[in-house]
Amino acid sequence: MIRYLRLFVAFARFGLATEMAFRANFLVKLLVEILWLGILLIFYWKLFENTSNIGGWGRGEYFFFVGCHYTLAGIIETFFLTNCVEFAELVRSGDLDIYLLKPIDEQFLISCRWIDWSTLPNIMQGIVIMISALITIGWTFDPLRFVLFVIVFTCGCALAYSFLLILSSTAVWLVRNQNLMEMWWLFTTLMRYPRAIYEGPWAKPFGLFFTFVVPVLIVVNVPADTLIRALEPWFIVWTLLAAVGMLIISRRFFRRALQSYRSASS
């Protein structure tokens, strides 16, 4: 584990040095991320001027949900998204051969080799939004809820990573899988809204499918529910089981994809 940690630190230092070589681009991207978050917050603020709740979520609760989503999305974008998106190019160009020859786990090397420092502030912004929302609703610190929140939030990150790894692994067979990777943006859109909005005769089957078959809706919903709303032990357990199950499935799917890879020479 120390070896992997040292390698991860080396990746981080290399990524930061690369970003600093193009400081103007780095600063512009930071500005764009801040503007995007500002527009998003203004939109939700105006929305709550015309309604008291969305799916049972009040203004403060919903802003905590938004902060939770933004933090999780920032973690995925910073550490994994660029690597998984570029996996198809490694397959197409044959550069994947070089990575497979390295004396280290292929999944770690391929999915963690690059850190996008320009999206790292998104994590901090999301945390600030969550703290501000907790202050607004007058939340009282509860050690049990906080520990459970950290656990299920980690599980949410694991679920999101697993979905991304499975989608990117299809590049071994499809080579150009940009259209399939668009499903990742569909998943992030589903994660952005409370599960409670999927009620009614038409929406409920949709909500059930993306809760229990493809467990996308629990990625942000369960952590947010756990900290500021009623505890739902069943969903907490389901989140833990789904995270472990998806990590195993994504790992096996990735390994199966590598077994089908025939290298650039063939």
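Everything below is about the structure shown above.
Analysis parameters
- Residues numbered from 1 in each chain as written.
- Predicted model: local features only at pLDDT ≥ 70, side-chain atom pairs only at ≥ 80, totals over all residues.
- Heavy atoms only, no water.
- Helix = DSSP H or I, 4+ residues; strand = E, 2+ residues; numbered from the N terminus.
- Rg over C-alpha atoms; globule rule 2.2 N^0.38 Å.
- Buried < 20%, exposed > 50% of the residue type's maximum accessible area, 1.4 Å probe, protein only.
- Contact = heavy atoms within 4.5 Å.
- Areas by Shrake-Rupley, 256 points an atom, 1.4 Å probe, with all protein chains shown as cover.
- Lys, Arg positive; Asp, Glu negative; His and termini not counted.
- Charge placed at Lys NZ, Arg CZ, Asp CG, Glu CD.
- Patch = residues over 30% accessible without salt bridge, like charges linked within 9 Å, V, L, I, M, F, W, Y side chains within 5 Å.
- Salt bridge = Lys/Arg side-chain N within 4 Å of Asp/Glu carboxyl O.
- Expected span 1.5 Å × (residues − 1).
- 1 Å grid on protein atoms, 1.4 Å probe; cavity = no way out; pocket = protein on both sides within 12 Å on 5 of 7 lines; lining within 4 Å.
- Points joined across faces, edges and corners; volume = space filled by probe spheres on them.
- Phe/Tyr/Trp six-rings, centres within 6.5 Å; stacked < 30°, edge-to-face > 60°.
- Lys NZ or Arg CZ within 6 Å of the ring centre and 35° of its normal.

Colleague: I'd like to hear about the overall build of the protein, residue by residue, with values.
Modeller: Helix and strand counts for the protein stand at 13 helices and zero strands. Helices and strands in the protein line up, N terminus first, as α-α-α-α-α-α-α-α-α-α-α-α-α. Its C-alpha atoms give the protein a radius of gyration of 20 Å, near enough to 18 Å, the size a compact globule of 266 residues would have. Dimensions of the protein along its principal axes, counting C-alpha atoms only, are 60 × 45 × 35 Å. Within the protein, the fraction of its 266 residues that count as buried is 47%. Considering only contacts within the protein whose residues lie at least 6 apart along the sequence, 78% involve residues at least 24 apart. Carbon and sulfur atoms form 70% of the exposed surface of the protein, whose accessible area is close to 14000 Å². Within the protein, the 17 negative side-chain charges are centred at a point lying 5 Å from the centre of the 21 positive side-chain charges.

Colleague: Could you give an account of a nonpolar patch on the surface, with specific residues and numbers?
Modeller: A cluster of nonpolar side chains, contributed by Phe 141, Phe 146, Val 147, Val 150, Ile 151 and Leu 240, occupies part of the molecular surface with about 510 Å² of accessible area. Since its relative accessible area comes to 38%, Phe 146 is described here as partly exposed.

Colleague: Tell me what's going on with helix α10 (residues 178–191), and back it up with residues and numbers.
Modeller: In this model α10 runs 21 Å from its N-terminal to its C-terminal C-alpha over 14 residues, within 8% of the 20 Å that 1.5 Å per residue would give. If you follow the buried residues of α10, they end up packed against α3 (59–85), α8 (143–169), α11 (203–213) and α12 (218–228).

Colleague: Go over α12 with me, naming the residues and quoting the values.
Modeller: Counted residue by residue, α12 has eleven buried out of eleven residues, so it is predominantly covered. Taken together, the buried positions of α12 are Ile 218, Val 219, Val 220, Asn 221, Val 222, Pro 223, Ala 224, Asp 225, Thr 226, Leu 227 and Ile 228.

Colleague: Just give me the short version of the side chain of Thr 226, but keep the residues and values in it.
Modeller: Note on placement: Thr 226 falls in helix α12. Note on Thr 226: relative accessible area 3%, which makes it buried. With sequence-adjacent residues up to four places away left out, Thr 226 is seen in contact with Arg 145, Leu 148, Phe 149, Val 152, Leu 231 and Ile 236.

Colleague: Break down the pattern of salt bridges for me, with residues and values.
Modeller: Considering all chains together, one arrives at ten salt bridges under this definition. With a closest N to O distance of 3.0 Å, Lys 29 and Asp 116 form a salt bridge. Of the two residues, Lys 29 is situated in helix α2 (residues 23–48) and Asp 116 in the loop between α6 (106–112) and α7 (120–136); the sequence distance between them amounts to 87 residues. With relative accessibility at 7%, the residue Asp 116 sits in the buried group. Members of the salt-bridge network, linked through shared partners, are Glu 61, Arg 195, Asp 225, Arg 229 and Glu 232.

Colleague: Go over the layout of surface pockets, please, and point to the residues and values.
Modeller: Empty space within the largest pocket amounts to approximately 320 Å³. Along its surface, the largest pocket is lined by 19 residues, and Trp 36, His 69, Ala 73, Glu 77 and Arg 192 are the ones closest to its centre. Elements that contribute at least two residues to the lining of the largest pocket include exactly α2, α3 and α10.

Colleague: Go over the side chain of Ser 169 with me, naming the residues and quoting the values.
Modeller: Position of Ser 169 among the secondary structure elements: in helix α8. When residues no more than four places from it in sequence are discounted, the contact partners of Ser 169 are Phe 87, Phe 253, Phe 254 and Ala 257.

Colleague: Which residues make up the packing of aromatic side chains, and what values go with them?
Modeller: Each pair of aromatic rings is reported with the distance of its centres and the angle of its planes. All told, the structure shown has 24 aromatic pairs when counted by the stated rule. Each residue in the set Phe 43, Tyr 44, Phe 48, Trp 57, Tyr 62 and Phe 65 is aromatic and connected to the rest through ring pairs, giving one cluster. A cation over an aromatic ring shows up here: Arg 59 above the ring of Trp 45, its NZ or CZ 4.1 Å from the ring centre. The ring centre of Phe 235 lies 4.0 Å from the NZ or CZ of Arg 195, which sits over that ring.

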